[in-house]
Amino acid sequence: MNRQSFNKWFLLLITFVVLVLGAIYFSVTPRNTETLKTLNNQVESAQEPAVSETIVVDKAGKVEPVKMLDNELTAIMDELAPHQYHQDAFLEASTVAGMYSTCLSEFGEENQLQLRMAENNQMAAVKGHIKFCAEGQSRYPKLFTIADDYMLLKQIPASTALGELWQQDFINYDPLNPKHYQFTETKKLTAVINSQNAMLLTEMSWLSFNLFHYGEVLPVSKWLSSHDSEYNLMVMRHALSKMACSYQPNSVCNSFGALSSMYCYEDQALCGLDFDTIYNSSVMPGMQKDVELLISNLGTLGE
Amino acid sequence: MNQKLLARLFYGFLVFMVIVALFLLNYQVKQNKKREQTGNNINVVSRVDDADIEKTAQIAKQPIINVSSMDVKTQLVKDETPVTASVSYLDVYRQLQTAQACRSFFEFWQRKGLDADITSMVRPPLKLYGDANYLSNEKAPLAAGQTEALKSWVYKCHQLWQAYGEFEQTADQLVLKNNIIDAIKQRLLVTAAKTKKEMDIKQVRQLATQWQQSFAQVKLALVGENNRSPVDVQKIQKQIEQLTQIGEGLRLQWVKVRFTNDAEAASLSLQRRNLNQQIHNLEVELIKQNVVDQDALQQALAAFQSHDLDLNVAMYSADADVFYEAMAVFHGNQMTWLNEIGFAFHSTLNNPASQYRITPDQLVFETSGWRNHIQHRFDLQYAAQLYLCDLGWDCAANSPIVMSYCLFGVNSLPAACGQNLYDFMQNDLISPNRWQDVMEFKNLYKELYNE
């Protein structure tokens, strides 16, 4: 090949390569910022499908939650000091509110627990409960005004990781992300078990349906060899209650404690009894063994 | 330009082009991946698991089960009970039991037609730890045992549907005109009971009817008559209706925001609670003025107590069917699935007449000495069912009670399919530790009713 024909072929090759590269460039890359935006938006919206769903809320019916004033918040924080149950103000308030939950009458009516006790002719228990509530009211007068409103209670700032976790609402199930739910519920349960806080364990026991309602969060059916989720839920409830009583029995497990009082609503004959008596008179031997089995499995979560 | 320089330029250019080509290729691959991801997420937002592909494949493979898809000749499990021939009282009684188990199948066919896919009727299975996740608009594929059970019951139920159904031809299909269960009950009434067992069943069914009627009279007498003026009653009822509508509005709003706006959801929930209390107060107001006619009440109670005594005497029977019939009375119309048999709700709050009856589960529980009846609901239920099995009730793998566990209930329990009731309860449903508690109650059933 002489120099002239080499130059000719060389120029032809360069033209061809430039054309091919140009074609590839035009077919692959977005043509303008609009196309680029559309492409990126598609990706983003696909990654967050739950939020982007159309949710229309009737503005007329919308209710804004009541905000606590700064001075109200300060007064409650002052009232809580010195903390009895937890260093975190929110957890302390939550614990106290739970402890005296049976003193807070729904709808401003008569105290339901006292009514149940009276119906069962347990007048000594009624008197004891009145005294218990009066003591609470006198120690925490300001907290008592908001204790039955969780939305207000949540405005007390949390200062620990557990407090922040606890402030998250319990019903946080996202059907598009069930694994997230499973993860947070397990994390919450583990944190509560590690806290060794009787009131939080009690609350967790009341809310233990969250550990089963959307499917098992933990392999409880495997641990117990039982496919009866109602039963497994009850075993979980008892297990958390037993753990609560093993830590601070006086706060929740005495006759008027939050834990014991719940059983009064289920069976009047249990009103005014402490948790141990209730447990031994209503939980049968086989179930008691399952409760112990579950406690030992839950213990490994906290490690 | 000398040839050497030109050659260097040429090879240099080629290397540059290769680098550019590689860069563009890489860019293209990345964009394709992004597009694929976008497509997946947009089209199938519900794919949430690692095992998505498998799950999708399972959903796709799920066969449709309807009457048309059933090849009657190739059915493995056939109901041998004759349907139309001259049959005994016991045969018709068995048909009634089957028909009662088929109630939801009949309702399904009435609503959707025989060609509709009946797998949609099966309740979602209990979701255990590690099971795949499905959205509310998705359906978990049926377990193999569930498919078999469903086919077998479609066959049985369709036989009765054809034998006892009265149909009307409309433009495009045959529409059922009568109630199949009532038709079989009617046939049972006119069929002569010849053997002792048949006579016992007939007698207990008669007692059950009398018991229900007299219990309804007690309920009625306890409600009393309202001495308010009709205008006042209407006014309160109107208020209740309005508040109920507002409550429904609040509920719908709550449904919309419950996963997205905690504060609003809690606030709506509180408002609804307050509203329900107002409705409750009005309802109390409405019945507060009711006057109970004491004479009428005493009369109703006397009649009821006599029937209640007879029914309780009938329960001291070693015959499973007799015991079942007597026990089912206490459930009234509240039993949705057969697996609920064995625990009757007896809240005196909503039903003050409950204080005048003692159900078998109450008696067993009181005798046991344990407390907190409601907590032992399922122990008592399982004990009663196992006691029925001991008496000879149909607890086989293809029995109505096993079918109700296998396909229905709050959640279906696929582990039940293909096992008899005893094995299913002992192997899967009841924990080994709890088994002793259930046996304690079952033994009390035996002590109280059969010794």
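Residues numbered from 1 in each chain as written. Chains lettered and ligands numbered in written order. Predicted model: local features only at pLDDT ≥ 70, side-chain atom pairs only at ≥ 80, totals over all residues. Heavy atoms only, no water.

Draft legend 1. Summary view of the overall build of chain A. Secondary structure summary: chain A contains 18 helices and zero strands in total. The proportion of buried residues among the 303 residues of chain A is 46%. For chain A, the share of sequence-separated contacts (at least 6 apart) that also reach a separation of at least 24 residues comes to 66%. Accessible area for chain A stands at about 14,900 Å²; split by element, carbon and sulfur atoms hold 57% of it. (Helix = DSSP H or I, 4+ residues; strand = E, 2+ residues; numbered from the N terminus. Buried < 20%, exposed > 50% of the residue type's maximum accessible area, 1.4 Å probe, protein only. Contact = heavy atoms within 4.5 Å. Areas by Shrake-Rupley, 256 points an atom, 1.4 Å probe, with all protein chains shown as cover.)

Draft legend 2. Just the overall build of chain B, in detail. Per the secondary structure count, chain B includes 16 helices and four strands. Looking at the 451 residues of chain B, the share that counts as buried comes to 45%. At a minimum sequence separation of 6, the contacts of chain B that also span at least 24 residues come to 69%. Accessible surface for chain B amounts to roughly 24,100 Å². Of this, 53% is attributable to carbon and sulfur atoms.

Draft legend 3. Local environment of the state of the cysteines. Residues and elements named next belong to chain B. Per the counting criterion, the structure on display carries six disulfides over all chains. In this model, Cys102 is linked to Cys157 through a disulfide, with the two sulfur atoms separated by 2.0 Å. The S-S bond linking Cys102 to Cys157 shows a torsion near -80°; that makes this disulfide left-handed. Residue Cys102 is found in the loop between helix H3 (89-101) and helix H4 (103-112), and its partner Cys157 is found in helix H5 (residues 144-164); the two are separated by 55 residues along the sequence. Accessibility classification places Cys102 together with Cys157 in one group, the buried group. (Disulfide = S-S within 2.5 Å.)

Draft legend 4. The packing of aromatic side chains, seen in detail. All names here are of chain B. This structure, assessed with the given rule, holds 28 aromatic pairs over all chains. Here the aromatic rings of Trp161 and Phe167 are separated by 5.5 Å at their centres, their planes lie at 50°, and the arrangement is tilted. Just above the ring of Trp153 sits the side chain of Lys156; from NZ or CZ to the centre is 4.0 Å. (Phe/Tyr/Trp six-rings, centres within 6.5 Å; stacked < 30°, edge-to-face > 60°. Lys NZ or Arg CZ within 6 Å of the ring centre and 35° of its normal.)

Draft legend 5. Molecular detail of a nonpolar patch on the surface. On the surface, A:Leu13, A:Phe16, A:Val20, B:Tyr11 and B:Leu14 cluster together into a nonpolar patch covering about 450 Å² of accessible area. Taken together, the elements giving at least two residues each to the nonpolar patch come down to helix H1 (3-28) of chain A together with helix H1 (3-43) of chain B. With respect to the helices, strands and loops of the structure, B:Tyr11 is situated in helix H1. (Patch = residues over 30% accessible without salt bridge, like charges linked within 9 Å, V, L, I, M, F, W, Y side chains within 5 Å. Salt bridge = Lys/Arg side-chain N within 4 Å of Asp/Glu carboxyl O.)

Draft legend 6. Geometry of the environment of B:Gln217. Relative to the elements of secondary structure, B:Gln217 occurs in helix H7 (residues 196-223). In sequence terms B:Gln217 and B:Asn427 are 210 residues apart; their C-alpha atoms lie 44 Å from each other.

Draft legend 7. Seen up close, the nonpolar core. Counting residues in each nonpolar core, the largest one holds 104 residues, and the members touching the most others are B:Phe105, B:Phe106, B:Trp109, B:Tyr405 and B:Met425. Here this core gets ten residues from one element, more than from any other, and that element is helix H13 (residues 377-391) of chain B. When neighbours within four sequence positions are excluded, B:Phe106 is seen to be in contact with B:Ala99, B:Cys157, B:Leu160, B:Trp161, B:Ile180 and B:Ile181. The next biggest cluster of nonpolar side chains, apart from the first, holds 73 residues, and it includes A:Leu104, A:Leu224, A:Tyr231 and A:Phe256. (Core = buried A, V, L, I, M, F, W, Y, C linked by side-chain atoms within 4.5 Å.)

Draft legend 8. A look at the confidence of the model for chain B. All names here are of chain B. This prediction gives chain B a mean pLDDT of 84; 86% of its residues lie at or above 70. Low pLDDT (under 50) marks residues 36-54, which in the prediction has 29 contacts with non-local residues, meaning those over four places away or in another chain. Confidence over residues 72-80 falls short of pLDDT 50; this stretch has 15 contacts with residues more than four positions distant or in other chains. On the interface metric, ipTM, the complex scores 0.73, and its pTM is 0.74. (pLDDT = per-residue confidence, 0-100.)

Draft legend 9. Summary view of H13(B). All names here are of chain B. Counted at 1.5 Å a residue, the expected span for H13 with its 15 residues is 21 Å, and the 21 Å between its end C-alpha atoms agrees. When you tally the buried positions in H13, you get 14 out of 15 residues, the bulk of the element. Gly392, located one to two residues past H13, shows a positive phi value of around 110°. (Expected span 1.5 Å × (residues − 1).)

Draft legend 10. Local environment of the side chain of A:Ser221. Mapped onto the fold, A:Ser221 is located in helix H13 (residues 220-224). When its relative accessible area of 7% is taken as the criterion, A:Ser221 is described as buried. A:Ser221 has contacts with A:Glu216, A:Ser226, A:His227, A:Asn232 and B:Leu128, leaving out every residue within four places of it along the chain.

Draft legend 11. Representation of the packing of H7(B) against helix H10 (residues 294-314) of chain B within the structure. All names here are of chain B. Viewed as axis vectors pointing N to C, H7 and H10 meet at an angle of 150°, and their least axial separation amounts to 8 Å. In terms of orientation, H7 lies roughly antiparallel with respect to H10. Helix-helix and strand crossings are classified by hand; for H7 and H10 the assignment is left-handed. In this structure, H7 contributes Val204, Leu207, Ala208, Gln210, Trp211, Ser214, Phe215, Gln217, Val218, Ala221 and Leu222 to the contact, and H10 contributes Ala296, Leu297, Ala300, Leu301, Ala303, Phe304, His307, Asp308, Asp310, Leu311 and Ala314. In the contact of H7 with H10, the residues fall into 16 nonpolar, four polar and two charged. (Axes fitted to C-alpha atoms, helices over the stretch in contact; angles between N-to-C directions. Parallel < 35°, antiparallel > 145°, perpendicular 65-115°, else oblique. Left-handed = near helix turned anticlockwise from the far one by under 90°. Nonpolar A, V, L, I, M, F, W, Y, C, P; charged D, E, K, R; others polar.)

Draft legend 12. Quick look at helix H6 (residues 112-119) of chain A. Residues and elements named next belong to chain A. Regarding H6, the residues found buried are Leu113, Gln114 and Met117. Considered in projection along H6, the buried side chains sweep an arc of 95° and stay on one side of the axis. Among the residues trailing H6, Asn121 stands out with phi positive, at a value near 55°. (Arc of directions from axis to C-beta.)

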